[in-house]
Amino acid sequence: MIKDITLGQYFPGNTVIHRLDPRAKIILTIMYIVVIFFAKNLWSFMLVVASALALVLISKISYKTLLKSMKPLIFVLAFTTFFNIFWTEGDVLLVSIWKIRIYLEGIVYAIMMIIRITALLIGTTIILTYTTSPIMLTDGLEQLLAPLRKIKLPVHEFSMMMTIALRFIPTLIEETDKIMSAQKARGADFTTGSLAKRAKALVPILIPLFISAFRRADELATAMECRCYHGGEGRTRMSILHCSFKDAAALLVMLLFGAGLIALNQLPCAISL
């Protein structure tokens with residue numbers, strides 16, 4: 001399961017989404033997250049599903065990769081489904097056993113929440129992390145936050161820290177998997193026993209993982225000092241970011257997508273939130 005976490009990974013390509021300006025991608029990601037919550041009925045959720053499928057087709061990210069990225073969220077999706085089915089009341093009662101009552105509205109709400117969470121994951125990972133290299137992401141984030149320099153905020157350092165953290169997620173995941181395999185070879189058991197016992201069994205994993213993370217951080221700091229890194233002041237860039245027509249077109253499409261969701265919410269529908 002831990003190998004299936006793909007957060008922070010970059011998949012090179014030459015698609016329209018890959019060629020977008022990183023600043024536009026960050027803005028598009030924020031807009032997509034906000035717009036998704038406009039969906040309220042069946043018609044708008046159908047548009048949400050269509051948008052997620054369109055992003056998959058345009059980005060050419062394999063379905064296998066997306067399904068692997070969904071595995072760590074199975075518990076979250078299961079918990080959300082359970083909570084909404086058994087705690088949402090409505091008008092159409094389907095099951096009534098003792099104090100357990102399941103309404104049609106609860107099932108519909110659970111399905112729509114699953115669609116919303118899945119679309120959020122697919123949209124944000126495809127638009128931002130899967131199709132944007134860490135270097136481009138750093139440049140885009142830094143330039144978007146550039147106005148904050150006027151109030152003496154360390155924009156460059158903040159962008160650098162965010163990108164380094166994102167970059168090292170796959171590395172730490174790989175390191176965790178190696179440590180778990182080594183501990184299992186020594187007879188460690190992480191799957192059986194009570195919750196307290198399982199938590200205690202994680203100690204032999206967390207300690208070497210923290211030691212490895214601090215060692216990597218120290219090596220990275222030493223490497224940056226050896227290269228005379230001293231922050232963003234006076235630094236030049238190898239590649240200069242330029243917005244183009246396709247970036248404006250992508251932002252326009254996102255605005256139309258949001259307007260479409262709002263318009264579809266006005267249509268009569270028997271299934272709605």
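Just above, that's the structure.
If you're wondering where the values come from, they're calculated on a predicted model, not measured in any experiment.

1. Here we look at the pattern of salt bridges
Now for step 1: This model, assessed by the stated rule, comprises 4 salt bridges.
Now for step 2: For the salt bridge of Arg23 with Asp21, the shortest nitrogen-to-oxygen distance reads 2.9 Å.
Now for step 3: One salt bridge in this structure joins Lys178 and Glu174, with 3.7 Å as the shortest N-O distance. Here Lys178 and its partner Glu174 are both found in helix H8 (residues 169-185), 4 residues apart, which amounts to about one turn of the helix.

2. Focus on H8
Now for step 1: Over its 17 residues, H8 extends 24 Å from the first C-alpha to the last, a length consistent with the 24 Å expected when each residue adds 1.5 Å.
Now for step 2: Where H8 is concerned, the buried positions are Pro170, Thr171, Ile173, Glu175, Thr176, Asp177, Ile179 and Gln183.
Now for step 3: Along its buried surface, H8 packs onto helix H7 (155-167) and helix H10 (203-226).
Now for step 4: Phi turns positive, to about 100°, at Gly187, one or two residues after H8.

3. Describing the packing of H7 against H8
Now for step 1: It is at 4 Å that the axes of H7 and H8 come closest, and there the two elements cross at 35°. Contacts from Ala165, Leu166 and Arg167 in H7 reach Ile169, Pro170 and Thr171 in H8.
Now for step 2: Taken together, the residues of the contact of H7 with H8 sort by class into 4 nonpolar, 1 polar and 1 charged.

4. A word on the nonpolar core
Now for step 1: Core analysis: the largest hydrophobic core is formed by 27 residues, its most contacted members being Tyr32, Ile36, Val48, Ile126 and Phe257.
Now for step 2: Among the secondary structure elements, those contributing two or more residues to this core are helix H1 (22-36), helix H2 (42-59), helix H5 (104-130) and helix H11 (245-265).
Now for step 3: Residues in contact with Ile126, not counting those within four places in the same chain, are Ile17, Leu55, Val56, Ser59, Leu66 and Thr131.

5. Overview of helix H4 (residues 74-87)
Structurally, the α-helix is built with 3.6 residues per turn, so residues lying three or four positions apart point the same way.
Now for step 1: The end-to-end C-alpha distance of H4 is 20 Å, a good match for the 20 Å that 14 residues give at a rise of 1.5 Å each.
Now for step 2: Among the structural elements, helix H3 (63-70), strand E2 (100-103) and H5 are those in contact with the buried residues of H4.

6. Quick word on the packing of aromatic side chains
Now for step 1: Applying the stated criterion across every chain yields a total of 4 aromatic pairs.
Now for step 2: Ring geometry for Phe11 against Tyr130: centres 5.0 Å apart, planes inclined by 85°, an arrangement best described as edge-to-face. One end of the pair, Phe11, is in the segment before H1; the other, Tyr130, is in helix H5, and 119 residues separate them in sequence.
Now for step 3: Judged by its relative accessible area of 23%, Phe11 is partly exposed.
Now for step 4: The class of Tyr130 is buried, set by a relative accessible area of 1%.
Now for step 5: Between Tyr32 and Phe257, the ring centres sit 6.0 Å apart and the planes meet at 15°, which makes this aromatic pair stacked.

Scoring rules and cut-offs
- Residues numbered from 1 in each chain as written.
- Predicted model: local features only at pLDDT ≥ 70, side-chain atom pairs only at ≥ 80, totals over all residues.
- Heavy atoms only, no water.
- Salt bridge = Lys/Arg side-chain N within 4 Å of Asp/Glu carboxyl O.
- Helix = DSSP H or I, 4+ residues; strand = E, 2+ residues; numbered from the N terminus.
- Expected span 1.5 Å × (residues − 1).
- Buried < 20%, exposed > 50% of the residue type's maximum accessible area, 1.4 Å probe, protein only.
- Contact = heavy atoms within 4.5 Å.
- Axes fitted to C-alpha atoms, helices over the stretch in contact; angles between N-to-C directions.
- Nonpolar A, V, L, I, M, F, W, Y, C, P; charged D, E, K, R; others polar.
- Core = buried A, V, L, I, M, F, W, Y, C linked by side-chain atoms within 4.5 Å.
- Phe/Tyr/Trp six-rings, centres within 6.5 Å; stacked < 30°, edge-to-face > 60°.

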